[in-house]
Amino acid sequence: MNVTVIGAGTMGNGIAHVFAQSGHAVTLVDLDQARLDAALATIDKNLGRQVAKEKLTAEQQEATLARVALKTDLAEGVAEADLVVEAATEDATLKAKIFEQIDDAAPPAAILASNTSSISITQIAGATRRPEQVIGMHFFNPVPVMKLVEVVRGLATSDATYETVRRLSEDLGKVPVEVNDAAGFVSNRVLMPMINEAVFCVHEGVATAEAVDTVMKLGMAHPMGPLTLADFIGLDVCLAILEVLHRELGEDKYRPCPLLRKMVAAGYLGRKSGKGFYDYA
Ligand code: CAA
């Protein structure tokens, strides 16, 4: 299958990685050539980990990389696509614009998926003339490791589109879970209030970030404490998702903690900026 991934950030490069690894021809599209080059280097590095763990051979690493093409022009990048997976910034206006462009340039039969973590699939589908072929394909970071794909059905998503994406996700070695379109789907509706509550604990002086994380790691067997996880996801991403939950579901329980807002305003975005609840210098 020809798969085009839009956006060469953390999620985009991970998604390109898993499709290429399972034999698909992948085109990775980003406006910025430097980001594309960095994404390819990241894919190479992460394939290297799998080789070091003897889960992949050096030949498979090379063949996987060779299946990834890079493009800065979106229309060119989707022209031959059977499936497009959009993984751009979490911004509803931007996504609508991107989907309009994809809809204009992709073959009529192509399925258009979004990796959005909180924006309505029905709304994204509304920007296209093929809403029955639009679906959510929500992957988790690090994509090569995490088994879940939350497959999100918009109001108009057809059974045929759902079935194709479900099967495709299984072929990638993932476990697809069917979810209907609602703010945050299941993953972030459950995860983000937990992260937000952890931030409130620090904000109100209940405990330090280290203490909160240790409680959840050792008491609840979470692989990472919620604040380490928030730094890993990006505090700006967490805030954006909480704002969608708060606005769409209209309940105070989703109100983002003032400390989270302050940290994002200060540019403390977590791992990617070198500082969040922890220092990564
Ligand atoms: N690519 C390939 N392999 C990778 C990798 C990557 N990017 N990152 C880690 N790995 C591999 C390692 O090589 C290692 O492999 P083995 O099991 O074969 O040894 C394995 O993954 C575990 O990695 P490490 O030993 O380095 O570290 P760890 O045991 O601490 O695990 C972790 C790291 C997998 C990230 C683990 O801490 C974890 O599961 N954390 C929670 C992650 C999580 O919750 N992600 C979801 C975030 S939410 C989201 O993404 C969506 C959203 O909408 C916000």
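Conventions we followed
Residues numbered from 1 in each chain as written. Predicted model: local features only at pLDDT ≥ 70, side-chain atom pairs only at ≥ 80, totals over all residues. Heavy atoms only, no water. Pairing = 2+ DSSP bridges. Helix = DSSP H or I, 4+ residues; strand = E, 2+ residues; numbered from the N terminus. Axes fitted to C-alpha atoms, helices over the stretch in contact; angles between N-to-C directions. Contact = heavy atoms within 4.5 Å. Salt bridge = Lys/Arg side-chain N within 4 Å of Asp/Glu carboxyl O.

Undergrad: It is not clear to me how the sheet that holds strand β8 (residues 175–180) should be interpreted in this structure. Could you clarify?
TA: The strands that make up a sheet pair up through hydrogen bonds in the backbone, lying either parallel or antiparallel. If you trace the eight strands from one edge of the open sheet to the other, you get β3-β2-β1-β4-β5-β6-β7-β8, paired in mixed fashion. The open sheet has two free edges, formed respectively by β3 (68–71) and β8, since each of these has just one partner strand. Ignoring strand direction, the axes of neighbouring strands in this sheet form an average angle of 25°. Of the pairings in the sheet, the one linking strand β1 (residues 2–6) to strand β2 (residues 25–29) comprises five bridges and is parallel in character. Across the sheet, V5 pairs through a bridge with L28, a residue of β2. Here helix α1 (residues 10–21) sits on the sheet in contact with β1, β2, β3, β4 (83–86) and β6 (134–138), set at roughly 170° to β2. This element, helix α7 (residues 159–171), spans β4, β5 (111–114), β6, β7 (148–153) and β8 of the sheet and lies at about 175° to β7.

Undergrad: Looking at this structure, I do not really get the pattern of salt bridges. What am I missing?
TA: Charged atoms that come close allow side chains of opposite charge to pair. Within the structure shown, the criterion is met by 14 salt bridges. A salt bridge links R130 to D103; its shortest N-O distance comes to 2.6 Å. Taken together, the positions of R130 in the loop between α6 (121–125) and β6 and D103 in helix α5 (residues 92–105) put the pair 27 residues apart, joining distant regions of the chain.

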